[in-house]
Amino acid sequence: MREFFMTICAPSIWCIVAAEILIAVFLFLQAKHHKQPVALCSGVLTIGLILDAAIIGLGKILPEGILFSISPARFVAHGLLIPLIFPICAYALKLKKGWLIVVWILTVVLMVGGLAQALATVLEKREIAGVVRLASGEETPKWADAISRVLSFGTVIPMMAVGIVVWIRQKNPHLFLSAFFMFAFSALGPATGNSDLIFFISMFGELLMVLFLYFFCIKSAIGSSKKE
């Protein structure tokens, strides 16, 4: 399996970028035509994933100085946009306005923490499978790494729980599947002894996450139109 991942790594990144661009377009169109906050938040989240994957994909061809200049944007996007998973869950649950305000306050707090984590991250160059990228180095403060882990796993697990509730209440499994695939692919790297490739393997999880968020929005819009 490792040889397979090593072989497809570099070209697959650009396929993922292209697919995520299409999904982002569809999500924004869905948000525009059906006034769905879930679709809008998901579209913005997808923009962050596109930026992350594109910078990693460009790492091999960019001069090192430029790579060090633009790579912090990956971490800033991650810190600011991953917390949007919480409002996505809140809108999916159709929470009342008071609870939505609480969720957005929590989201903003997490965004501030995510931004601080991104700015504190000390980057170091890494190369594997024909891909050059900058990742968090040993000099990064432990609290920053801790926040990064919280944003990665502390958002997806609650999303899975909310997805189960939504599945039961609305007969719409796609929010759960969105979180499940993200979680599964994040765990696949370490589980197969490919922790050094988790940045790449998790991209498939991110792609499936936003794809199933789009499917969730479609099914929700169909359900709303039938009620009308």
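Residues numbered from 1 in each chain as written. Predicted model: local features only at pLDDT ≥ 70, side-chain atom pairs only at ≥ 80, totals over all residues. Heavy atoms only, no water.

**Q** Looking at this structure, how should I read the overall build of the protein chain?
**A** Summing up its helical and strand segments, the protein chain has 9 helices and 2 strands in all. Along its sequence from the N terminus, the protein chain presents helices and strands in the succession α-α-α-α-α-α-β-β-α-α-α. The C-alpha radius of gyration of the protein chain comes to 18 Å, within 12% of the 17 Å expected for a compact globule of 228 residues. Dimensions along the principal axes, computed over C-alpha positions, put the protein chain at roughly 55 × 35 × 30 Å. In the protein chain, the share of contacts with a sequence separation of at least 24, taken over all contacts with a separation of at least 6, comes to 69%. (Helix = DSSP H or I, 4+ residues; strand = E, 2+ residues; numbered from the N terminus. Rg over C-alpha atoms; globule rule 2.2 N^0.38 Å. Contact = heavy atoms within 4.5 Å.)

**Q** Would you explain the packing of aromatic side chains in this entry?
**A** Describing an aromatic ring pair means giving the distance of the ring centres and the angle of the ring planes. Enumeration according to the criterion identifies 11 aromatic pairs in this entry. Ring geometry for Phe 26 versus Tyr 214: centroids 5.7 Å apart, planes at 25°, classification stacked. Here Phe 26, found in helix α1 (residues 2-34), pairs with Tyr 214, found in helix α9 (residues 198-227); they are 188 residues apart in sequence, far enough to count as distant. Taking relative accessible area as the criterion, Phe 26 reaches 38% and is therefore assigned partly exposed. Taken together, a centroid distance of 6.0 Å and an interplanar angle of 25° make the contact between Phe 176 and Phe 180 stacked. Remark: Phe 180 and Phe 176 occur in helix α8 (residues 174-191); sequence separation between them is 4 residues, near one turn of the helix. Taking relative accessible area as the criterion, Phe 176 reaches 15% and is therefore assigned buried. For Phe 180, a relative accessible area of 35% translates into the label partly exposed. Clustering of aromatic rings is evident, with ring pairs tying together Phe 26, Trp 167, Phe 176, Phe 180, Phe 181, Phe 212, Tyr 214 and Phe 215. (Phe/Tyr/Trp six-rings, centres within 6.5 Å; stacked < 30°, edge-to-face > 60°. Buried < 20%, exposed > 50% of the residue type's maximum accessible area, 1.4 Å probe, protein only.)

**Q** Help me understand α8 in this model?
**A** Residues spaced three or four apart along an α-helix point in a common direction, a consequence of the helix completing one turn every 3.6 residues. An ideal rise of 1.5 Å per residue puts 26 Å on 18 residues; α8 measures up with 25 Å between its terminal C-alpha atoms. Buried within α8 are the following residues: His 174, Leu 175, Phe 176, Ser 178, Ala 179, Met 182, Ser 186 and Gly 189. The first or second residue beyond α8 is Gly 193, which carries a positive phi of 75°. (Expected span 1.5 Å × (residues − 1).)

**Q** Hey, could you run me through the environment of Ala 184 in this one?
**A** Of note, Ala 184 is situated in helix α8. Residue classification places Ala 184 among the partly exposed positions, given a relative accessible area of 29%. Separated by 18 residues in the primary sequence, Ala 184 and Ser 202 place their C-alpha atoms 8.5 Å from one another.

**Q** Please explain the environment of Gly 48 as it appears in this structure.
**A** Here Gly 48 shows up in helix α2 (residues 37-58). Classification of Gly 48 by relative accessible area gives buried; the value is 9%. Leaving out residues up to four positions away in the same chain, Gly 48 has contacts with Ala 77 and Leu 81.

**Q** Where do I start with the pairing of strand β1 (residues 123-128) in this structure?
**A** Here is the key point about a regular strand: its side chains alternate between the two faces of the sheet. Here β1 pairs with strand β2 (residues 131-136) via 6 bridges, running antiparallel. Directly across from Arg 126, in β2, lies its bridge partner Arg 133. What sits between the antiparallel neighbours β1 and β2 is a turn of 2 residues, in which Ala 129 has the positive phi angle 55°. (Pairing = 2+ DSSP bridges.)

**Q** Looking at this model, I keep getting lost on helix α7 (residues 142-170). Mind explaining?
**A** When the terminal C-alpha atoms of α7 are compared, their 41 Å separation across 29 residues agrees well with the 42 Å that a helix rising 1.5 Å per residue should span. At Val 150, α7 shows its maximal kink, close to 25°. Buried within α7 we find Ala 144, Leu 151, Thr 155, Val 156, Met 159, Met 160, Val 162, Gly 163 and Val 166. Looking one or two places after α7, you find Lys 171, whose phi comes out positive at around 55°. (Bend = angle between axes of the 7 residues up to and from the residue.)

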